[in-house]
Amino acid sequence: MTEAILLVGGKGTRLRPLTVHTPKPMVPAAGVPFLTHQLARARAAGVEHIVLATSYLAEVFEPYFGDGAALGLHIEYVTEEEPLGTGGAIRNVASRLHSGPDEPVLVFNGDILTGLDIRALVRTHETTGADVSLHLTKVTDPRAYGLVPTDDTGRVLAFLEKPQTPEEIVTDQINAGAYVFRRSVIDTIPAGRVVSVERETFPGLLAAGAHLQGMVDSTYWLDLGTPAAFVRGSADLVLGRAPSPAVPGRCGDRLVLPTATVAPDAKLAGGTVVGEGAFVAEGACVFGSTILPGAVIEPGAVITDSLIGTRARVGEHTVLTGTVIGDGAVIGPRNELREGARVWCDATIPAGALRFSSDR
């Protein structure tokens, strides 16, 4: 197994304002762009050649990763002029692949944090002779996902849209966003138009009698599509719950990048990350949160399960819980923002303007 496709073209609209200036795979998680973790795990599994299928803010990727040599990889970049969907993006990069018709090609979605045993997925693909093999994971509540039932041998039986009634929940297995394609199957995807592998390619292959194999791997799995999930994923990487060889430091309660400054009495815990050039002042308490490069946390601020954007500022004694502060935003002293709040890039909230408790 020597090559893979990484789908990194999505706009990340559910993650805004984090993705206003930064494509979703390049938002830092545990101190480095999230894509770094995926690339490092692929390399650890024996992948040598990776093609990045880019679209939104495509110009950001190559200046950071270059030819991939620093990660022991050969990276190429293909940009879609118009978004082509998951299947269209795979087909659009086919000319850059080196594999023969019957050889395996890995495909990863760019927003999934997982502990998947990549080598095991490839072995499953090869030993079963499948046309496409899918990583499946089990979830407690599958209503928000498409279901993928399999027979006793793991062969895929159907692709079912999000169930609407209890009777439609025939399995707890869902598509986890990592695949192995037989190279020749990629060439059958229509070129030059929008194609969804989930809604068109996979059901079409199944209807045509192709062999689609599922491999259930219930190790760590998280879709980083929402701000809350992204913050949690970063914290889990720091805590060591999610595996990655790319975390720039030892796993533990906190990760402070070398050029960051943290006051001696500031409290950091729960997988908190303090990015390069960021400053956390005296008396601040930060739990399970990500402080991006250049951000400033003023004295006495309390931040929980939140993400503070690049160069943003959080004022004295402000309390943030489950919130996202966009790049360059300024939150004045003594504000309170609770779960789900998103402050847009470069916005300013005056001192004491937003509260949930009474003035005191």
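Sequence order as written defines the numbering, with residues in each chain counted from 1. pLDDT decides what is reported in this predicted model: residues at 70 or higher carry local features, side-chain atom pairs at 80 or more are listed and counted, and totals for whole chains, interfaces and linings draw on all residues regardless. As a convention, hydrogens and water are excluded, and side-chain values are obtained from all of the structure's heavy atoms.

- Per an unreviewed UniProt entry, the chain carries the name NDP-sugar synthase and comes from Streptomyces pimonensis.
- UniProt positions are given in the numbering used here, feature names are shortened, and annotations may be inferred rather than shown by experiment. Reading the Sequence similarities (unreviewed entry) entry of the UniProt record for the chain gives the comment "Belongs to the transferase hexapeptide repeat family."

1. Quick notes on the overall build of the chain
So, point 1. Numbering of helices and strands starts at the N terminus; helices are DSSP runs of H or I of at least 4 residues and strands are runs of E of at least 2. Helix and strand content of the chain: seven helices and 28 strands.
So, point 2. With C-alpha atoms as the basis for the radius of gyration, the globule rule is written as 2.2 Å multiplied by the number of residues raised to the power 0.38. The C-alpha radius of gyration computed for the chain amounts to 22 Å, which stays within 12% of the reference 21 Å derived for 360 residues, consistent with globular compactness.
So, point 3. Based on the C-alpha atoms only, the size of the chain along its principal axes is roughly 70 × 50 × 35 Å.
So, point 4. The contact criterion used throughout is that any non-hydrogen atoms of two residues lie within 4.5 Å. Restricting to contacts in the chain with at least 6 residues of sequence separation, those with at least 24 account for 52%.
So, point 5. For the chain, the computed accessible surface area is about 15200 Å², with 52% contributed by carbon and sulfur atoms.
So, point 6. Note that His is not counted, nor are the chain ends; the positive residues are Lys and Arg, and the negative ones are Asp and Glu. Every charge is mapped to an atom, namely NZ of Lys, CZ of Arg, CG of Asp or CD of Glu. In the chain, the 30 positive side-chain charges and the 40 negative ones have mean positions that sit 4 Å from each other. The Shrake-Rupley method, run with a 1.4 Å probe, gives the accessible areas here. Residue values count only the displayed protein chains as cover.

2. Considering helix H6 (residues 197-207)
Helical periodicity: at 3.6 residues per turn, an α-helix aligns residues three or four positions apart in one direction.
So, point 1. Along H6, the residues classified as buried are Val197, Thr201, Phe202 and Leu205. Across the axial projection of H6, the buried residues extend over an arc of 85°, all falling on one side. H6 presents Arg199 and Ala207 as exposed residues on the side facing more than 90 degrees away from its buried surface.
So, point 2. Those residues of H6 hidden inside the fold are in contact with helix H3 (85-92), strand E8 (132-138), strand E9 (173-182), helix H5 (183-186) and strand E10 (212-216).
So, point 3. Directly beyond the C-terminal end of H6, a positive phi value near 90° is found at Gly209. Three labels apply to residues, based on accessible area from a 1.4 Å probe with only protein chains included: buried if under 20% of the type maximum, exposed if over 50%, partly exposed otherwise in between. Each C-beta atom gives one direction from the helix axis, and the arc is the one those directions make.

3. Here's the deal with the UniProt feature "domain: Nucleotidyl transferase" (unreviewed entry) in the chain
So, point 1. UniProt's entry tags residues 4-236 with the feature "domain: Nucleotidyl transferase" (unreviewed entry), counted in the numbering of this structure.
So, point 2. Taken as a whole, residues 4-236 contains 26% helix and 23% strand, while its terminal C-alpha atoms sit 25 Å from one another.

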